[in-house]
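Take a look at the letters that make up each chain.
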Amino acid sequence: MTTENAYTDDWVRRLSGSGPERDDAIAELTQLLVRGLSRSMANRYDNLVQPEDVVQDALLKILDSLDTFAGRSRFTTWAMTIATRVAISEMRRKRYQDVSLDSITSDDNLSLDITIDPSTPGETQIDRVKVLSTLQELIQTELSAKQREAIQALLGGLPVEEIARRTGSNRNAVYKLIHDARVRLKTGLERAGVIAEDFNAIFA
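First, a word on what this report is: a plain description of the structure on this page. (Residues numbered from 1 in each chain as written. Predicted model: local features only at pLDDT ≥ 70, side-chain atom pairs only at ≥ 80, totals over all residues. Heavy atoms only, no water.)

## Regarding the packing of helix α8 (residues 160-167) against helix α9 (residues 171-191)
The contact between α8 and α9 brings their axes to 8 Å, and the two run at 110 degrees. The angle between α8 and α9 places the two elements in the roughly perpendicular class. Taking contact as the criterion, the partners of Val160, Glu161, Ile163 and Ala164 in α8 are, on α9, Arg171, Val174, Tyr175 and Ile178. Here the contact of α8 with α9 is composed, by residue class, of six nonpolar, no polar and two charged. (Axes fitted to C-alpha atoms, helices over the stretch in contact; angles between N-to-C directions. Helix = DSSP H or I, 4+ residues; strand = E, 2+ residues; numbered from the N terminus. Parallel < 35°, antiparallel > 145°, perpendicular 65-115°, else oblique. Contact = heavy atoms within 4.5 Å. Nonpolar A, V, L, I, M, F, W, Y, C, P; charged D, E, K, R; others polar.)

Structure below.
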């Protein structure tokens, strides 16, 4: 086992445990994420979101998703990807709260984001770009019109409750649309050789 893999395993072990060791791991990860987001969010997102607030929400998602981490990237890179997705979603939610659903779900406005650690090899960075390109194509070709609208609104930062309100639907119906769309997209990405942790990071 390499040193990096051992360190990755240690993160998962400590965060999956209990007691003071888990508390210390959460505190350490919180500091890392706040520091990383503070740098990446500096002078961006119009100061609509604060790193400390984002990290609290991101930590819940990270802890709930530990079993999906496959160790193909550094744990901290994976965790930062999720935190960045949360930041982007929150920023978009605040920015678009008074904007029409049609403008959010317009194909011209579809933009997907995923963190690429500048220290990772160039080949890995290219792979991540290919993931997003493939996902954008699948959204256009594999989803029904209603599924596409729901997924684009979700990626645009709208919470499920708001999507339901704007479409005259209900939360359970929107959850079903998003679930079915995710299954189709995940299947398409798996055919293209995309690993589960990349998919989960995009839809964190």
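## A closer look at α9
When the terminal C-alpha atoms of α9 are compared, their 30 Å separation across 21 residues agrees well with the 30 Å that a helix rising 1.5 Å per residue should span. The residue sitting at the N-terminus of α9 and contributing the capping side-chain oxygen is Asn170; that oxygen lies 3.1 Å from the backbone nitrogen of Asn172. Remark: Gly193 follows α9 within two positions and exhibits a positive phi of approximately 85 degrees. (Expected span 1.5 Å × (residues − 1). Polar contact = N/O pair within 3.5 Å; in protein donor to acceptor, adjacent residues only side chain to side chain.)

## Let's talk about the packing of aromatic side chains
Scanning the model with the defined rule gives four aromatic pairs in all. Each ring, one from Trp11 and one from Phe75, has its centre 5.7 Å from the other, and the planes form 15 degrees; the classification is stacked. With Trp11 in helix α1 (residues 3-16) and Phe75 in helix α4 (residues 75-95), this pair connects stretches of sequence that are 64 residues apart. Residue class for Trp11 comes out buried when judged on its relative accessible area of 0%. Judged by its relative accessible area of 1%, Phe75 is buried. (Phe/Tyr/Trp six-rings, centres within 6.5 Å; stacked < 30°, edge-to-face > 60°. Buried < 20%, exposed > 50% of the residue type's maximum accessible area, 1.4 Å probe, protein only.)

## Section: the packing of helix α7 (residues 145-155) against α9
Pairs of packed helices are described in terms of their axes, by the angle between the two and the distance that separates them. Two numbers describe how α7 lies on α9: the axes approach to 9 Å, and their chain directions differ by 95 degrees. Here α7 lies roughly perpendicular to α9, going by the angle between them. Two secondary-structure elements touch here, α7 through Lys146, Gln147, Ala150, Ile151 and Leu154 and α9 through Leu177, Ile178, Asp180, Ala181, Arg182, Arg184 and Leu185. Broken down by class, the residue content of the contact of α7 with α9 amounts to seven nonpolar, one polar and four charged.

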